[in-house]
Amino acid sequence: MKPFWKVVFGGCLGTIIAFILVNLVFFSLIGSIASSFGKEEAPAVPKNAILKIDFKEPVQEQGRESFSFNPLAGNANMSKGLSLLDAVRALDAAATDPQIKFVYLKPDNLNMDIATAEEFRAALARFRESGKPVVAYCQGLSSGPYYMASVADKVILNAYGDVMISGMSSQLMYYKDLIDHLGIDIQLIRHGKYKSAGEPYIKSEMSAENREQYEKMLGTVWGVMADAVAASRDFTAEQYNQWIDDLTLTSGEVAREKGLVNELWFDDQVRDYFCTLCDVKKSKDLRYVSLKDYAAAKVKSNLRTKEKIAVIYADGEIVMDDRGNGNIGNNFAREIAKARQDSSVKAVVFRVNSPGGSAFASEQIWHEIQLLRAGKPVVISMGGMAMKTSQSLMMILSTLPP
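Residues numbered from 1 in each chain as written. Predicted model: local features only at pLDDT ≥ 70, side-chain atom pairs only at ≥ 80, totals over all residues. Heavy atoms only, no water.

1. Remarks on the environment of Ala226
Where we set the bar: Helix and strand definitions follow DSSP, with helices as H or I runs of at least four residues and strands as E runs of at least two, each counted in order from the N terminus. We call two residues contacting when some pair of their heavy atoms lies within 4.5 Å.
Positionally, Ala226 belongs in helix H6 (residues 208-232). Residues Ala226 and Ser143, spaced 83 residues apart in sequence, show a C-alpha to C-alpha distance of 9.4 Å. Excluding residues that lie within four positions of it along the chain, Ala226 makes contacts with Ala237, Tyr240 and Asn241.

Here it is as structure tokens:
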């Protein structure tokens with residue numbers, strides 16, 4: 001029987017070894033395939049390229065993935081936007097890059113808050129100062145996209161493009177009549193007459209205090225936009241506002257007459273103009289690179305350097321348990337602690353873009369910021385929602401140096 005058992009045990013051992021080897025080869029192969037798909041090579045930037053910025057992929061505080069579904073086309077799209085920091089760094093790099101001829105700006109899909117738009121527009125202005133042109137081509141003119149386009153050397157409007165610049169407005173819904181009809185009793189506790197978040201549930205129309213603060217906010221934001229537009233074009237902010245108030249800007253011809261745009265061209269005329277700028281004979285010879293691809297190719301972060309400036313984003317609502325879902329809370333406080341304990345981090349930029357939230361969670365963040373600033377410089381950079389931060393977070397900001 002001994003030879004029989006030797007054969008059995010030998011066969012079992014050989015099977016086990018073969019099984020292990022096959023699994024090792026299989027999983028190594030799967031891993032290499034997965035890594036090859038997961039590893040994205042930096043896009044190549046062609047010579048004499050046109051840096052095209054069309055905002056189809058949004059410029060955000062952070063480059064988060066976003067999902068969109070088009071029911072008419074029946075397709076879905078998962079795209080990752082470009083962070084504002086990388087977008088600005090890419091524009092600054094392009095200003096001195098001999099491979100980039102000029103910026104081709106298409107602002108029709110612009111979707112930014114005013115703080116993001118202001119920073120991005122300033123980066124376009126710096127690009128212009130390098131001596132390279134910015135050319136904006138608009139299918140139509142509205143307040144936000146034109147604010148961005150007006151920084152360009154040449155603003156081109158489609159020959160049949162609509163002009164609908166109307167300034168800024170805000171609309172609120174009030175539910176008290178509906179709530180009374182349903183027999184619901186709302187008991188609201190608030191402090192101060194300007195605390196208006198719950199006002200729509202206890203009033204049928206806007207209070208005088210809420211109207212005052214909205215008018216102040218909108219007036220200030222629009223004032224910044226109008227002044228910037230006027231500084232880039234050949235008219236004053238007062239003239240610009242007067243044209244809007246009088247409904248003067250009714251067509252492309254009027255916009256060109258007033259100096260808002262330089263040309264009224266069709267797409268083929270724009271391409272012919274680009275051919276002259278790039279010194280090519282046919283539009284098929286034009287070479288474009290998107291801002292996202294250019295940033296991927298040119299914007300690098302050296303995380304191994306001995307001395308770093310950390311950028312910490314307070315981007316989202318303040319909650320106790322954030323769990324990585326776009327809010328900030330306990331995990332965010334721990335990130336601040338990591339920056340404090342990291343000897344390679346010499347300073348911290350604290351980027352705030354938050355509507356506020358939990359006072360308790362804000363206190364945890366406040367405590368970590370106090371520990372951080374005791375040993376390292378901390379600089380605050382405010383985004384589009386910094387003016388609505390909670391009281392505790394405002395206390396954080398008030399204790400930091402300007």
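2. A few points about the pattern of salt bridges
What counts is decided by this rule: Only one rule defines a salt bridge in this text: a Lys or Arg side-chain nitrogen within 4 Å of an Asp or Glu carboxyl oxygen. Relative accessible area decides the class of each residue, using a 1.4 Å probe on protein chains only: under 20% of the type maximum gives buried, over 50% gives exposed, and in between gives partly exposed.
Under the defined criterion, the tally for this structure stands at 11 salt bridges. The closest approach of N and O atoms between Asp92 and Arg126, which form a salt bridge, is 3.1 Å. Of the two residues, Asp92 sits in helix H2 (residues 84-95) while Arg126 sits in helix H3 (residues 114-129), which places them 34 residues apart along the sequence. Its relative accessible area of 34% is what places Asp92 among the partly exposed residues. Where Arg351 meets Glu119, a salt bridge forms, and the shortest distance between an N and an O atom there is 2.8 Å. Pair noted here: Arg351 is in strand S14 (residues 345-353) and Glu119 is in helix H3, with a separation of 232 residues, a long-range link. A residue is classified by how much of its surface remains accessible, and Arg351, at 6% relative accessible area, is buried. Of the residues examined, Glu119 reaches a relative accessible area of 32% and is grouped as partly exposed. Residues participating in the shared-partner salt-bridge network are Glu61, Glu119 and Arg351.

3. Some words on the pairing of strand S1 (residues 49-53)
Consecutive side chains along a regular strand alternate between the two faces of the sheet. Here is the rule we go by: Strand pairing is defined by DSSP finding a minimum of two bridges between the two strands.
Counting buried positions over the 5 residues of S1 gives 4, a clear majority of the element. Alignment of S1 against strand S6 (residues 100-105), held across 5 bridges, turns out to be parallel. Its bridge partner lying in S6, Leu51 is registered against Val103. Relative to strand S12 (residues 288-290), S1 runs parallel, the two sharing 3 bridges. Each residue of the ladder has a partner; that of Lys52, found in S12, is Ser290.

4. Quick look at helix H10 (residues 291-298)
Note the following rule: Here, the arc refers to the directions that run from the helix axis to the C-beta atoms.
Listed as buried for H10 are Leu291, Tyr294, Ala295 and Ala297. Viewed along the axis of H10, the buried residues span an arc of 165°, placing them on a single side of the element. Buried residues in H10 make contact with S1, strand S5 (82-83), H2, S6, H3 and S12.

5. Digging into the nonpolar core
Applied cut-off: Nine residue types can take part in a nonpolar core, namely buried Ala, Val, Leu, Ile, Met, Phe, Trp, Tyr and Cys, and a core is a set of them joined through side-chain atoms within 4.5 Å.
Formed by 62 residues in total, the largest nonpolar core has its most connected members in Phe120, Tyr240 and Leu260. If you look at the next biggest cluster of nonpolar residues, it comprises 17 residues, including Ile328, Val352, Ile369 and Val378.

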